[in-house]
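So you can see what is in the structure, the chains are spelled out below.
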Amino acid sequence: MVAIDERGYYGEFGGAYIPEMLHPNVEELRENYLNIMQSDDFQQEFRLLLKDYVGRPSPLYFAKRLSERYHTRVFLKREDLMHTGAHKINNTIGQILLAKRLNKKRIIAETGAGQHGVATATVCALMGLECIVYMGRVDMERQAPNVARMRMLGAEVRPALSGSQTLKDATNEAIRDWINNPDNTYYIIGSVVGPHPYPDLVARFQSVISEEMKIQLLEQTGSENPAAIVACVGGGSNAAGAFYHYLNAPNVRLIAVEAAGKGVYSGHSAATSVLGTKGIIHGSRTLLMQTEDGQIVEPYSISAGLDYPGIGPLHAHLIATGRAEAVSITDDEALSAAFLLARIEGIIPALETAHALAALETLRFQESDVVVVNLSGRGDKDLAAYIDHLT
Ligand SMILES: *Cc1c(COP(=O)(O)O)cnc(C)c1O
């Protein structure tokens, strides 16, 4: 059985390793999240927004030409068609409703590429709540269109000026803010990372993906269970959502695809399951890329969403126990997969998602197998990178 325990562990991974000053905030959330999320009133509001605002259920599309190419039956779970262009909105809708029920009036978030920042700014506008997004100054320059989007949605984007001025520095600033504003502020984390209960609550919000998949697969193939589910893993939230209702179905292969950047051992990679060792990052015990004396190694990937030095504790557990298989995909392999999907299916995927698609090149399936790829997001945001590689 794969399940989280009372203290927030999946096997040996997880928990809540936080400074004493954060205890009241995290404890308040831990004590209340399950009751709130399971209440009828919450479920009604969450489900209605997923349907009418986000556009759920997302289609499960049988990709005929992709299937012919890989000699197996490939289905795409179309999170790219959801509002704001990716799965991230499922989580921010859920957390904003939690924040409201905890009477928080001020929302903070951290963002790297800006995708989680945009999804957070979106739900704050929807609910009329103050929104402050911390973002490394370097990332603000690299991701200027997302900074503009957040501002248009009414959020304040605050630059993180310390360290390398990227995601981990933005995370530190957000945590500092939360410590200083414990009563009125809710911190929306963007993936299945962070101290317990965040990995669990984010996985539950994203689990709508596999909930729908089961119904759609039964309708379209006659069985709820596919042979395999393939998803890319940055922190791991889209994969957690796609795997969730199959965690305890051992005949369904779960395939987690990481970014190998310029090559797993090139020194420019984010292949945490291969390069990572046990340690603590952002409040939980998991696998992370670190030096022997515990300094975090800067990750690299062409895709900003996979450019993270850790993985969520659920995935560390799934990989360590053999329940999930990890595949590493380079920048070049991801780019090829993105161009292939564009040209044979007419769908331009996000660069993150392209890693999951590229795994089809290396995996082997039977012709009768049903393989679901979680199409986590669309590629509009990555056009600049694609244009650089157009041939
Ligand atoms: C952010 C992002 C990811 C990576 O985040 P996870 O938490 O691992 O899902 C993957 N795909 C897209 C489109 C994203 O925006």
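What counts, and where the lines are drawn
Residues numbered from 1 in each chain as written. Predicted model: local features only at pLDDT ≥ 70, side-chain atom pairs only at ≥ 80, totals over all residues. Heavy atoms only, no water. Helix = DSSP H or I, 4+ residues; strand = E, 2+ residues; numbered from the N terminus. Expected span 1.5 Å × (residues − 1). Buried < 20%, exposed > 50% of the residue type's maximum accessible area, 1.4 Å probe, protein only. Near = heavy atom within 4 Å. Polar contact = N/O pair within 3.5 Å; in protein donor to acceptor, adjacent residues only side chain to side chain. Areas by Shrake-Rupley, 256 points an atom, 1.4 Å probe, with all protein chains shown as cover. Nonpolar A, V, L, I, M, F, W, Y, C, P; charged D, E, K, R; others polar. Bend = angle between axes of the 7 residues up to and from the residue. Contact = heavy atoms within 4.5 Å.

Enquirer: Help me understand helix α4 (residues 88-101), please; the structure alone is not making it clear to me.
Expert: One full turn of an α-helix is made of 3.6 residues, so residues set three or four places apart face in the same direction. Look at α4: 21 Å from first C-alpha to last across 14 residues, which is about the 20 Å you get at 1.5 Å a residue. When you tally the buried positions in α4, you get eleven out of 14 residues, the bulk of the element. Where α4 is concerned, the buried positions are Ile89, Asn90, Asn91, Thr92, Ile93, Gly94, Gln95, Ile96, Leu97, Leu98 and Ala99. Among the residues trailing α4, Asn103 stands out with phi positive, at a value near 60°.

Enquirer: Looking at this structure, I do not really get the site of the ligand. What am I missing?
Expert: Around the ligand, the structure places 16 residues, and the nearest of them are Lys88, Ser191, Gly234, Gly236 and Ser237. One nitrogen or oxygen atom from the main chain of Gly235 is found 3.3 Å from an oxygen atom belonging to the ligand. In the environment of the ligand, an oxygen atom lies 2.7 Å from a nitrogen or oxygen atom belonging to the backbone of Gly236. About the coverage of the ligand: the protein hides 97% of its 380 Å² of free accessible area. Grouping the amino acids of the shell around the ligand by side-chain chemistry returns four nonpolar, ten polar and two charged.

Enquirer: Could you clarify how one ought to interpret helix α1 (residues 23-38) in this entry?
Expert: Taking 1.5 Å per residue as the helical rise, α1 with its 16 residues ought to reach 22 Å, and the 24 Å between its terminal C-alpha atoms agrees with that figure. A maximum bend of about 45° is found in α1 at Asn32. Taken as a whole, α1 has its buried residues at Asn25, Val26, Leu29, Tyr33, Ile36 and Met37. Packed against the buried residues of α1 are α2 (40-54), α4, α8 (167-180), β8 (185-187) and α9 (198-206).

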